[in-house]
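Coordinate analysis (summary)
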Amino acid sequence: MRKIKVIALFMLFIVIAAFKIESSSIEGLQIKFRKVSEDYMRPGAPNGPIISMPIEAAEGMKFVKLKLTLRNEGEKDCIFDFENVYISTEQDSLYRFLKFQAYFTGTKTKIKPKKEIDRIVLFEFPDNAKPKELFIEDKRYKIIEEK
């Protein structure tokens, strides 16, 4: 009986390890910053079929909106979770992803090889700071709006 438990635990470990490897890979990810903007209001949750109540940034904060094109130049699926995406200030303070704007509710992202997706992402950020870099896992992407 003990041998069966050890084998079952070993198999479970292999499955979890394989899922962990599959669940996060940004090899080949390229990011184009189509637009970088700032505002003190953001759209809130829908309040009826059309209307949504705006949400104001906390005192001393603003919302930074990044319009991104994410392209997978690699040979494998690019998989990551926006819940683990941050932007930094010039002093390297990090601020976590707040939400998507528009239709996307799930934060887990998968991009097939040689494909690209567009996302509009929001961060709450200090009012007196400028966004410097976007962090996805162990990679940094300099925030430079492409013209």
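Residues numbered from 1 in each chain as written. Predicted model: local features only at pLDDT ≥ 70, side-chain atom pairs only at ≥ 80, totals over all residues. Heavy atoms only, no water.

Notes on the pattern of salt bridges
By the definition in use, this model includes eleven salt bridges. We note a salt bridge from Asp-118 to Arg-34, for which the minimum N-O separation is 3.1 Å. Here Asp-118, found in strand S9 (residues 116-126), pairs with Arg-34, found in strand S1 (residues 29-39); they are 84 residues apart in sequence, far enough to count as distant. For Arg-34, a relative accessible area of 30% translates into the label partly exposed. Asp-92 is the partner of Lys-132 in a salt bridge, and the nearest nitrogen-oxygen pair spans 3.0 Å. Residue Lys-132 is found in the loop between S9 and strand S10 (133-136), and its partner Asp-92 is found in the loop between strand S6 (85-88) and strand S7 (94-100); the two are separated by 40 residues along the sequence. Each of Glu-38, Lys-62 and Lys-130 takes part in one network of salt bridges that share partners. (Salt bridge = Lys/Arg side-chain N within 4 Å of Asp/Glu carboxyl O. Helix = DSSP H or I, 4+ residues; strand = E, 2+ residues; numbered from the N terminus. Buried < 20%, exposed > 50% of the residue type's maximum accessible area, 1.4 Å probe, protein only.)

Focus on the side chain of Lys-62
Within the element layout of this structure, Lys-62 appears in strand S4 (residues 61-72). A polar contact is formed between the side chain of Lys-62 and the backbone oxygen of Ala-129, at a distance of 2.8 Å. Setting aside its immediate chain neighbours within four residues, Lys-62 contacts Glu-38, Asp-39, Tyr-40, Ala-57, Phe-123, Glu-124, Phe-125, Pro-126, Asp-127 and Ala-129. (Polar contact = N/O pair within 3.5 Å; in protein donor to acceptor, adjacent residues only side chain to side chain. Contact = heavy atoms within 4.5 Å.)

Observations concerning the environment of Thr-107
With respect to the element layout, Thr-107 can be found in the loop between S7 and strand S8 (108-111). Accessibility expressed as a relative area gives 14% for Thr-107, which makes it buried. Here Thr-107 is in contact with Phe-80, Asp-81, Phe-82, Glu-83, Phe-97 and Phe-100, once residues within four sequence places are set aside. For Thr-107, the side chain forms a polar contact with the side chain of Asp-81, separated by 2.5 Å.

Concerning the packing of aromatic side chains
The full count for this structure, using the stated rule, is six aromatic pairs. When the ring of Phe-97 is compared with that of Phe-123, the centres are 6.2 Å apart and the planes differ by 80°; the resulting orientation is edge-to-face. Pair noted here: Phe-97 is in strand S7 and Phe-123 is in strand S9, with a separation of 26 residues, a long-range link. By relative accessible area, Phe-97 is classed as buried at 6%. Judged by relative accessible area, which is 0%, Phe-123 ranks as buried. Of the aromatic side chains, those joined through ring pairs into one cluster are Phe-80, Phe-82, Phe-97, Phe-100 and Phe-123. (Phe/Tyr/Trp six-rings, centres within 6.5 Å; stacked < 30°, edge-to-face > 60°.)

Some points on the side chain of Glu-133
Tracing the sequence through the fold places Glu-133 in strand S10. Among the polar contacts made by the side chain of Glu-133, one reaches the side chain of Arg-140 at a distance of 3.3 Å. Once residues lying within four places of it in the same chain are set aside, the contact partners of Glu-133 are Tyr-86, Ile-87, Ser-88, Asp-92, Arg-140, Tyr-141, Lys-142 and Ile-143.

So, the environment of Lys-108
Structurally, Lys-108 can be placed in strand S8. Between the alpha carbons of Lys-108 and Asn-84 there is a distance of 9.7 Å; along the sequence they are 24 residues apart. Apart from residues no more than four positions distant in its own chain, Lys-108 is found in contact with Phe-80 and Asp-81. Of note is the side chain of Lys-108, whose polar atom sits 3.1 Å from the side chain of Asp-81.

Structural notes on the pairing of strand S11 (residues 139-142)
Pairing of S10 with S11 involves four bridges; the strand directions are antiparallel. Bridge pairing in S11 links Leu-134 to Tyr-141. (Pairing = 2+ DSSP bridges.)

All quantities given are derived from atomic positions and should not be read as evidence of function.
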